[in-house]
Amino acid sequence: QRRWPPCLGQHVGRRPKRSAAQALDGPSIGALEARHAEDRDPPCGGVGDHQEVTGRLDVASGLRAAFKGGLIHRDIKPHNILLTLDGCEAKLTDFGLACVMSSAAASSRAGTLTYASPEKAGARGYNNKDDMWALGCILSELVTGVSITSRTHSVFAFDHESITQTVNDSLRAHATLGKCVKLLLCEDPAARPSAEEILAIVDESRAAPREVEGAD
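What you are looking at is a predicted structure, and each value in this text was computed from that prediction instead of being measured.

In this structure the tally under the stated criterion is two cavities of 30 Å³ or more. Taken as a whole, the second largest cavity spans an internal volume of roughly 40 Å³. Around the second largest cavity, the lining residues are R74, D75, I76, G111, T112, Y115, K120, D130 and A134. Of the residues assigned to the lining of the second largest cavity, the class counts are three nonpolar, two polar and four charged.

In structure tokens, the structure reads:
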């Protein structure tokens, strides 16, 4: 019998825990992005201010818990990240395609190809760094306001020009969050940061007196 980790619908914000019913009263990041695209034609600017985007990156706490349990989510996408009503806290949901990292399933193209890593899109074996790639894709969308699907007409993981443009756009929008995008969208899975490392970068940014926006 499959055992789910505690991060299924886990509270990953910094505030005191609330009931599940209270916690899931906001939209998904996917719904938020869609609303942003409708409001701005063409879409421009991040989806929320930088403090809100940084708060949503705390969803890496859910991934960290899953990884400690030996699981890969395999379907990280905007509609699987739910927000609280104030939009400041995020929850990772829908572990329906999750698998044990050491299982044969960790070589199939499960999940949404848009956010698939190069190794998964290429039908090669993969580990939890596939989830980290997907997190980088979503973070780039939140920081720049530009969806991955609008950046390319092919598979994003194989479109090196689009990946480079995405990283550069993210760095211009926000130095620290752009740095996270750059690290997460590294082609070599071994070079991608862990959930723990991303959370450390975010915590360091929060501790700084003032975030510097953009990069030279």
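Of all nine residues in helix α4 (residues 60-68), seven are buried, a share of seventy percent or more. All of the buried residues in α4 are A60, S61, G62, L63, A65, A66 and F67. Following α4 by one or two positions, G70 has its phi on the positive side, about 80°.

Next up on the list: the confidence of the model for the chain. Summing up the model confidence of the chain, the mean pLDDT is 76 and the portion of residues at 70 or higher is 64%. The weakest mean pLDDT in the chain belongs to helix α1 (residues 20-23) at 42; the strongest belongs to helix α8 (residues 160-173) at 96. Predicted confidence for residues 1-23 stays below pLDDT 50, and this span has 51 contacts to residues more than four positions away or in other chains.

Here the phi dihedral of R74 falls at roughly 75°; this positive angle occurs in a residue that is not glycine. Non-glycine residue A123 carries a positive phi angle of around 60°. As for its placement among the helices and strands, A123 is situated in the loop between α5 (118-121) and α6 (129-144). You can call A123 partly exposed: its relative accessible area is 48%.

Take F156: it is sitting in the loop between α7 (148-151) and α8. Spatially, the C-alpha atom of F156 lies 8.6 Å from that of P118, the residues being 38 residues apart in sequence. Sequence-distant contacts of F156, that is, excluding residues within four places in its chain, are made with T114, W133, C137, I148, S162, I163, T166 and L185.

Analysis parameters
Residues numbered from 1 in each chain as written. Predicted model: local features only at pLDDT ≥ 70, side-chain atom pairs only at ≥ 80, totals over all residues. Heavy atoms only, no water. 1 Å grid on protein atoms, 1.4 Å probe; cavity = no way out; pocket = protein on both sides within 12 Å on 5 of 7 lines; lining within 4 Å. Points joined across faces, edges and corners; volume = space filled by probe spheres on them. Nonpolar A, V, L, I, M, F, W, Y, C, P; charged D, E, K, R; others polar. Buried < 20%, exposed > 50% of the residue type's maximum accessible area, 1.4 Å probe, protein only. Helix = DSSP H or I, 4+ residues; strand = E, 2+ residues; numbered from the N terminus. pLDDT = per-residue confidence, 0-100. Contact = heavy atoms within 4.5 Å.

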